[in-house]
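# Report on the structure
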Amino acid sequence: DSGVTQTPKHLITATGQRVTLRCSPRSGDLSVYWYQQSLDQGLQFLIQYYNGEERAKGNILERFSAQQFPDLHSELNLSSLELGDSALYFCASSVVLAGEQYFGPGTRLTVT
Amino acid sequence: AQSVTQLDSQVPVFEEAPVELRCNYSSSVSVYLFWYVQYPNQGLQLLLKYLSGSTLVKGINGFEAEFNKSQTSFHLRKPSVHISDTAEYFCAVSREGSYIPTFGRGTSLIVHP
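The following refers to the structure shown. Keep in mind it's a predicted model, so treat the numbers as computed, not measured.

The rules behind the values
- Residues numbered from 1 in each chain as written.
- Chains lettered and ligands numbered in written order.
- Predicted model: local features only at pLDDT ≥ 70, side-chain atom pairs only at ≥ 80, totals over all residues.
- Heavy atoms only, no water.
- Phe/Tyr/Trp six-rings, centres within 6.5 Å; stacked < 30°, edge-to-face > 60°.
- Helix = DSSP H or I, 4+ residues; strand = E, 2+ residues; numbered from the N terminus.
- Buried < 20%, exposed > 50% of the residue type's maximum accessible area, 1.4 Å probe, protein only.
- Core = buried A, V, L, I, M, F, W, Y, C linked by side-chain atoms within 4.5 Å.
- Disulfide = S-S within 2.5 Å.
- Contact = heavy atoms within 4.5 Å.
- Buried area = accessible area lost by both parts, 1.4 Å probe.
- Salt bridge = Lys/Arg side-chain N within 4 Å of Asp/Glu carboxyl O.
- Polar contact = N/O pair within 3.5 Å; in protein donor to acceptor, adjacent residues only side chain to side chain.
- Nonpolar A, V, L, I, M, F, W, Y, C, P; charged D, E, K, R; others polar.

## Considerations on the packing of aromatic side chains
As enumerated under the stated definition, the model contains 12 aromatic pairs over all chains in all. Summarising the aromatic geometry, the rings of Tyr36 of chain B and Phe103 of chain B are spaced 5.5 Å apart at their centres and angled 55 degrees between planes, so their arrangement reads as tilted. Taken as a pair, Tyr36 of chain B in strand 5 (residues 31-38) and Phe103 of chain B in strand 11 (residues 102-103) lie far apart in primary sequence, 67 residues in all. Each member of the pair Tyr36 of chain B and Phe103 of chain B is classed as buried. Between Phe90 of chain B and Phe103 of chain B, the aromatic rings sit 6.3 Å apart at their centres with planes inclined by 85 degrees, giving edge-to-face as the arrangement. With a gap of 13 residues between them, Phe90 of chain B in strand 10 (residues 87-95) and Phe103 of chain B in strand 11 connect regions that are remote in the sequence. Residue Phe90 of chain B shares its accessibility class with Phe103 of chain B, and that shared class is buried. Three or more aromatic residues joined by ring pairs form one cluster here, namely Tyr35, Phe45, Phe90 and Phe103 of chain A together with Phe34, Tyr36, Phe90 and Phe103 of chain B.

So this is what it looks like as structure tokens:
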């Protein structure tokens, strides 16, 4: 158990809908990262937040957005969902801005 | 930008045999290198990392990797595998100073009894 929690574990929704994935980092970790893992694209970095501020952006679509709240938990919002958004979404956290990341168990999103 | 190539998508081995999972990278700048393991239905766990210094890096669960700058490789090895090592293994690279990795496509290690 890494100490990073993600909810929900599974999510099934329809095309065009909007969902929110939640991540709680390890106690004391200030940095949160989001990743997408799909069969087509492999494992890709989406976005990083550090102490509430966006610090790095990867291959994140404009339909996706994220935020980190004062209590350091983070949410990833996915809107106008398409079939191709079906994937595992991982959250990771680290103590510092650049440091070893601890991954959560993931949220499996299925878009039908 | 950096990229990673994991040369084998699947590596089957018998229990107690040695194994090597291959990883090559490309980058125009100095890099950090990582190996992660993903057990079924779980998130990724860091096995080992190379930041600087000794090119032979030892990690958890008896794994080690060697950084070879001239061959731009970072192959993962274990002298004797167990059934419990069956998992997906990801090689990753980041630019020096960053821990945000670019991942390879993964190698599925399948250990047979």
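## Describing the nonpolar core
Ranked by size, the top nonpolar core spans 28 residues in total, and within it Trp35, Leu48, Phe74, Leu76 and Tyr89 of chain B carry the most contacts. Counting 20 residues, the second-largest nonpolar core is a separate cluster that includes Trp34, Tyr49, Cys91 and Val111 of chain A.

## Looking at the state of the cysteines
Residues and elements named next belong to chain A. What the rule picks out here adds up to two disulfides over all chains. In this model Cys23 forms its disulfide with Cys91; the gap between the sulfur atoms is 1.7 Å. A torsion of -50 degrees about the S-S bond marks the disulfide between Cys23 and Cys91 as left-handed. Taken together, the residues Cys23 in strand 3 (residues 19-24) and Cys91 in strand 9 (residues 87-94) connect sequence positions 68 residues apart. We classify Cys23 as buried; its relative accessible area is 0%.

## Observations regarding the interface of chain B and chain A
Taken together, the contact between chain B and chain A spans 14 residues of the former and 20 residues of the latter. A combined buried area of about 1300 Å² lies between chain B and chain A, and 61% of that area is made up of carbon and sulfur atoms. On the surface where chain B and chain A come into contact, there are one salt bridge. Glu100 of chain A is the salt-bridge partner of Lys49 of chain B, the closest N and O atoms lying 3.7 Å from each other. Inspection of the chain B/chain A interface yields three residue pairs in polar contact (both at pLDDT 80 or more). Those elements giving two or more residues to the side of chain B that touches chain A turn out to be strand 5 and strand 6 (44-50) of chain B. Taken together, the residues of the side of chain B that touches chain A sort by class into eight nonpolar, four polar and two charged.

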